[in-house]
Amino acid sequence: MQKRRTARIPGFYRLPLGERLESLVAAGWLTEDEARSISGPAAGGFDMEIANAMSENVIGVHALPLGICLNLLINGKERVAPMVVEEPSVVAAASNAARLTREGGGFTVETTGSVMAAQIQVKGLAEPTAAAQLIQAEAPSLLEAVNALIPNMVNRGGGAREIETRVIPLPSQPEARMLCVHVHVDCRDAMGANTLNTVAEGLAPRVQEIAGGEIGLRILTNYADRRLVRVSCRLPPESLRTKKWPDGGLVRDHIVDASRFAEADTYRAVTHNKGFMNGLDAVLVATGQDWRAAEAAAHAYASRTGAYGPLATWRKDREGFLEGEAELPLAVGTVGGAARAHPGVRLSLRLGRIEDAADLASLAASVGLASNLAALRALATDGIQRGHMALHARTVAIEAGATGDLIHRVSTTLRSEGCFRLERAKEILKKLPED
Ligand code: MEV
């Protein structure tokens, strides 16, 4: 019988690199072949020919570390998340916060479906409202025309869902309003950009025939406000204690204060959201997603009330638990795009046992909330520099030439001296073999 996979691997971060992979193989997350393919000389298995086909003017392959967020319990299921990020502390912090959330049952996530919109702009209309009515009257035939453009999507259960018309005043010339036709399409497990752009360009001539005027832009909107993910978690105050902060209730209250600070101040909200996106983006990069689209949509959503605010907020609930929740648009795909071409992306999708696009959004949003919690807990207690400097010391040690066990020995000395200069690391390293 197959062993039940667990996302808890205590002491994982202390294991040497090879043993970490072995423990993931032993826990059933990776096969031995997969473990080999992401370590060793051909790490990532990323062929130059594939790279060349994915972009332009390709001259090489630029690698980043692939880490793993452990300890996730999402909708009652044990999960791990692949994370690609260049910033130290992000993976450790998310794993640590995910461990804390287990004490309150982990993360609860839901998604609102996979409908996205293509925009067709119509300019130069004398009567845009009347043109909108004409378009609405033709909506059934337009929906049919859309489905004819994307038969594969229709076969997969997706396709056209709604024709929306919006009359938009131009701020500079209020009398010159334009019409914007939104074609809502269910993109199922695709991110949808290609499908929506096909729809926008393919349907535009028919729209012009009906509405008149002049066709302007024809492109998807990345503001995927019908493709939302909602994630929440609840933690008992005891789980928030640190060595120096034994009163978990106080830590909880400071986290709530930090949330209110972000709710009141854009300068703080941007940094608060950056911490959230640290985790979310790392999962998106590992799984080959268009993280620029996700970023653009998330920040627009954070401003939906007219003022920029935090994506995740934290409160004390009736039982004194810390409760956190976040909601944001998240357009991701598990078919097409990099998922098809990039072997590292395919491996990450498998490692995370990602079932479909909604599942990927759930995983990424949970890691986002974990990252935000980790940042607020650190900021509300010891500050983030202590943890950061520990990792920074490791980076300096490696830069000085330390390898294997020497990395730990050099970085420990740097930390105890409170000095993180490269020259000092080199001096320490030179002396060490003689010890
Ligand atoms: C650093 O990458 C992220 C933080 O600045 C987030 C925050 O301040 O909440 C620590």
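Residues numbered from 1 in each chain as written. Predicted model: local features only at pLDDT ≥ 70, side-chain atom pairs only at ≥ 80, totals over all residues. Heavy atoms only, no water.

**Structural notes on the overall build of the protein chain**
- Broken down by element type, the protein chain carries 17 helices and 10 strands.
- Summarising its shape, the C-alpha atoms of the protein chain cover approximately 85 × 55 × 50 Å along the three principal directions.
- Going through the 435 residues of the protein chain one by one, you find that 46% of them count as buried.
- Summed over its atoms, the accessible surface of the protein chain is roughly 21,600 Å², and 52% of this surface lies on carbon and sulfur atoms.
- Here the protein chain holds 49 positive side-chain charges and 50 negative ones, and the gap between their average locations is 5 Å. (Helix = DSSP H or I, 4+ residues; strand = E, 2+ residues; numbered from the N terminus. Buried < 20%, exposed > 50% of the residue type's maximum accessible area, 1.4 Å probe, protein only. Areas by Shrake-Rupley, 256 points an atom, 1.4 Å probe, with all protein chains shown as cover. Lys, Arg positive; Asp, Glu negative; His and termini not counted. Charge placed at Lys NZ, Arg CZ, Asp CG, Glu CD.)

**Here's the deal with the packing of aromatic side chains**
- Per the stated rule, a full pass over the model turns up one aromatic pair.
- The interplanar angle of 55 degrees and the centroid separation of 6.5 Å between the aromatic rings of Tyr223 and Tyr301 together place this pair among those described as tilted. Residue Tyr223 is found in the loop between β7 (214-220) and β8 (228-235), and its partner Tyr301 is found in helix α11 (residues 291-301); the two are separated by 78 residues along the sequence.
- The positively charged end of Arg292 is found above the aromatic ring belonging to Trp291, 4.9 Å away from the centroid. (Phe/Tyr/Trp six-rings, centres within 6.5 Å; stacked < 30°, edge-to-face > 60°. Lys NZ or Arg CZ within 6 Å of the ring centre and 35° of its normal.)

**Some remarks on helix α17 (residues 422-431)**
- Among the residues making up α17, those that are buried are Arg424, Ala425, Ile428 and Leu429. All buried residues of α17 project into a common sector of 140 degrees when viewed along the axis, lining one side. Seen from the open side of α17, the exposed residues pointing more than 90 degrees away from its buried face are Lys430 and Lys431.
- For α17, the elements touching its buried residues are α15 (385-399) and α16 (405-417). (Arc of directions from axis to C-beta. Contact = heavy atoms within 4.5 Å.)

**Things to note about the side chain of Arg353**
- Inspection of the secondary structure puts Arg353 in the loop between α13 (343-351) and α14 (357-380).
- Although Arg353 lies buried, it forms no salt bridge, and the closest oppositely charged side chain, Glu34, sits 5.7 Å away as judged by the N-O distance.
- For Arg353, the residues in contact, after removing those within four places along its chain, are Arg5, Gly28, Trp29, Arg79 and Asp359. (Salt bridge = Lys/Arg side-chain N within 4 Å of Asp/Glu carboxyl O.)

**Points about the pairing of strand β5 (residues 159-170)**
- As paired strands, β5 and strand β6 (residues 173-186) are joined by 10 bridges and run antiparallel to one another. Counted as the bridge partner of Ile163 is Val183 from β6.
- What sits between the antiparallel neighbours β5 and β6 is a turn of two residues. (Pairing = 2+ DSSP bridges.)

**Some details on the state of the cysteines**
- Taken as a whole, this structure holds zero disulfides when the rule is applied.
- Not part of a disulfide, Cys69 finds its nearest cysteine sulfur in Cys233, a span of 12 Å.
- In this structure Cys69 comes out as buried when scored by relative accessible area, which is 0%. (Disulfide = S-S within 2.5 Å.)

**Structural notes on the side chain of Arg268**
- Take Arg268: it is sitting in helix α10 (residues 266-286).
- For the buried Arg268, which has no salt bridge, the nearest side chain bearing the opposite charge is Asp265, at an N-O separation of 7.2 Å.
- Excluding residues that lie within four positions of it along the chain, Arg268 makes contacts with Phe261, Ala262, Leu376 and Leu379.

**Details of the sheet that holds strand β4 (residues 115-123)**
- On the basis of which strands lie adjacent, the open sheet formed by four strands has the order β5-β6-β4-β7 and antiparallel pairing. Both outer strands of the open sheet, β5 and β7, are each paired with one neighbouring strand and no more. The average angle at which neighbouring strand axes cross in this sheet is 20 degrees, direction not considered.
- The pairing of β4 with β7 spans five bridges and is classified as antiparallel. Residue Val122 lies in a different strand from β7, and its bridge partner there is Ile215.
- With respect to the sheet, helix α5 (residues 128-137) is in contact with β5 and β6, its orientation differing from that of β5 by roughly 175 degrees.
- Sheet contacts for helix α8 (residues 193-211): β4, β6 and β7; angle to β7, the most-contacted strand, approximately 160 degrees. (Axes fitted to C-alpha atoms, helices over the stretch in contact; angles between N-to-C directions.)

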